[in-house]
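# Structure assessment
Chain by chain, the residues:
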Amino acid sequence: METWVPVPNGSGFGVHNLPYGVFSRRGELPRVGVAIGDHVLDLAELAAAGLLADRRWFASGTLNAFMAAGRAVWQATRDRLTTLLTDAAYRDQVEPHLVPLSDAEPRLPFDVADYVDFYSSRDHAANVSQIFRPGGDPLPPNWLHLPIGYHGRAGTVVLSGTPIVRPCGQRRGDDVPVFGPTVKLDVEAEVGFVVGVPSALGRPVPTAGFRDHVFGFVLVNDWSARDIQAWEYQPLGPFLGKSFATSISPWVVPVAALESARTGPPAQNPEPLPYLRTDEPWGLEMTLQIELNGHVVSRPPFARMYWTAPQQLAHATVNGAALRTGDLMASGTVSGPTRHERGSLIELTWDGRDPLVLPDGQRRAYLEDGDTVRIQATAAGPDGAPIGFGEVTGTVLPVIC
Ligand SMILES: O=C(O)/C=C/C(=O)CC(=O)CC(=O)O
Ligand SMILES: [Ca+2]
Ligand SMILES: [Mg+2]
């Protein structure tokens with residue numbers, strides 16, 4: 001399957017991907033688009049020109065209406081876009097609606113309803129347990145029985161590129177707590193899924209319902225202030241140490257684009273309860289990459305995640321909690337077994353005891369003001385074609401408390 005749109009070699013935005021986003025051009029209202037190569041296809045214009053069956057979804061500053069429309073609409077739209085972008089007979093009609101990515105200002109792609117963050121990498125959980133609770137068990141006693149998660153703050157989920165102001169808060173002191181800017185500002189490289197179709201209160205969504213409810217995946221950076229977190233988190237979990245900002249990538253990769261990336265997750269032992277069992281493998285062959293000030297510091301492997309997205313969805317609703325369009329559920333920090341596969345600085349530097357030395361000689365335990373973090377990811381597509389997730393970036397700004 002080839003597209004007539006010029007797609008640069010190695011681009012993750014080939015015709016097998018077709019991720020959705022919201023963008024605006026100077027002086028124009030935001031609208032929905034699909035990334036292809038170095039361009040974004042303006043779906044609002046395409047629909048207005050009569051080239052898409054339905055005009056309702058795309059002249060909008062958010063993907064929410066389209067995400068709520070459901071799987072049949074998602075699939076029909078994807079099929080139609082594939083035809084328009086691969087059949088040269090449509091080129092003259094479609095080409096005028098391609099906007100260079102450099103002229104398209106990305107917007108937050110959807111209105112975030114609730115934000116949940118899981119803790120599903122066994123390597124990450126074991127590392128953080130050792131650092132936060134030395135001498136304790138490598139995993140909490142519930143960890144192998146359920147995907148642990150916490151509810152985060154939907155209102156502070158921000159678009160990639162949004163500057164991150166260093167948060168202030170309390171941290172442990174010698175006699176009394178200290179108040180001031182965090183001295184342990186960290187990142188967490190994660191992959192999140194977003195709910196399209198809501199569910200009814202009191203009706204759990206089974207693992208097999210994943211494709212009916214979930215629209216797609218984004219990259220997530222769950223910024224974390226480790227000193228604030230360590231002082232506040234027991235017994236109710238993270239609060240202000242993580243709620244100041246969570247960044248997401250602009251492009252939502254559809255579930256349908258990830259079929260070739262699906263792979264068997266690690267064996268689950270003990271066998272999970274029936275509501276957490278899946279008929280299909282939902283690990284994803286996908287590698288993340290973390291850059292600090294332009295230097296690659298880690299390549300976390302997503303295929304090692306112990307709990308998969310359908311299990312997370314089923315767990316989050318097993319008590320009857322309803323889903324809403326725009327619910328964002330993040331995987332938890334993605335880490336692998338070796339140092340260069342760890343998804344956070346607390347692990348990469350072992351809480352600062354073993355700082356990173358960047359190729360330019362700079363040393364980092366945690367983030368300093370002015371530092372820029374960039375997370376990217378690529379999943380396996382059909383015939384080896386890369387399925388790109390774009391990037392999620394952020395630069396740290398100073399604060400005076
Ligand atoms: O084990 C802890 O006390 C803390 C763990 C985390 O900070 C990780 C978290 O936010 C969930 C995740 O990203 O895996
Ligand atoms: Ca996290
Ligand atoms: Mg966060």
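Reading the values: the criteria
Residues numbered from 1 in each chain as written. Chains lettered and ligands numbered in written order. Predicted model: local features only at pLDDT ≥ 70, side-chain atom pairs only at ≥ 80, totals over all residues. Heavy atoms only, no water. UniProt positions renumbered as here; feature names shortened; annotations may be inferred. Helix = DSSP H or I, 4+ residues; strand = E, 2+ residues; numbered from the N terminus. Buried < 20%, exposed > 50% of the residue type's maximum accessible area, 1.4 Å probe, protein only. Pairing = 2+ DSSP bridges. Axes fitted to C-alpha atoms, helices over the stretch in contact; angles between N-to-C directions. Contact = heavy atoms within 4.5 Å.

An unreviewed UniProt entry lists the chain under the name fumarylacetoacetase, from Actinoallomurus vinaceus. In its Pathway (unreviewed entry) section, the UniProt record describing the chain reads: "Amino-acid degradation; L-phenylalanine degradation; acetoacetate and fumarate from L-phenylalanine: step 6/6."

### Comments concerning unusual backbone geometry
Cis geometry is adopted by the peptide bond preceding Pro-235, which originates at Gln-234 and carries an omega value of 5°. Looking at where Pro-235 falls in the secondary structure, it is placed in the loop between α7 (226-232) and α8 (240-243). The omega torsion across Asn-269 and Pro-270 is 10°, close enough to zero to call that bond cis. Following the sequence through the fold, Pro-270 ends up in the loop between β18 (262-263) and β19 (283-284). Here Leu-18, not a glycine, exhibits a phi torsion of approximately 55°, which is positive. Structurally, the position occupied by Leu-18 is in the segment before β1 (20-24). With relative accessibility at 1%, the residue Leu-18 sits in the buried group. For Asp-351, which is not glycine, the phi torsion reads 55° and is therefore positive. Looking at the element boundaries, Asp-351 is found in the loop between α10 (345-348) and β23 (356-357).

### Section: the sheet that holds strand β3 (residues 39-42)
On the basis of which strands lie adjacent, the open sheet formed by five strands has the order β4-β3-β2-β1-β5 and antiparallel pairing. Only two strands of the sheet have a single neighbouring strand rather than two, namely β4 (98-100) and β5 (105-107). Here the average twist between neighbouring strands, direction ignored, is 50°. Each of β1, β2 (31-36) and β3 is contacted by helix α3 (residues 71-86), which is oriented at about 70° to β1, the strand it contacts most.

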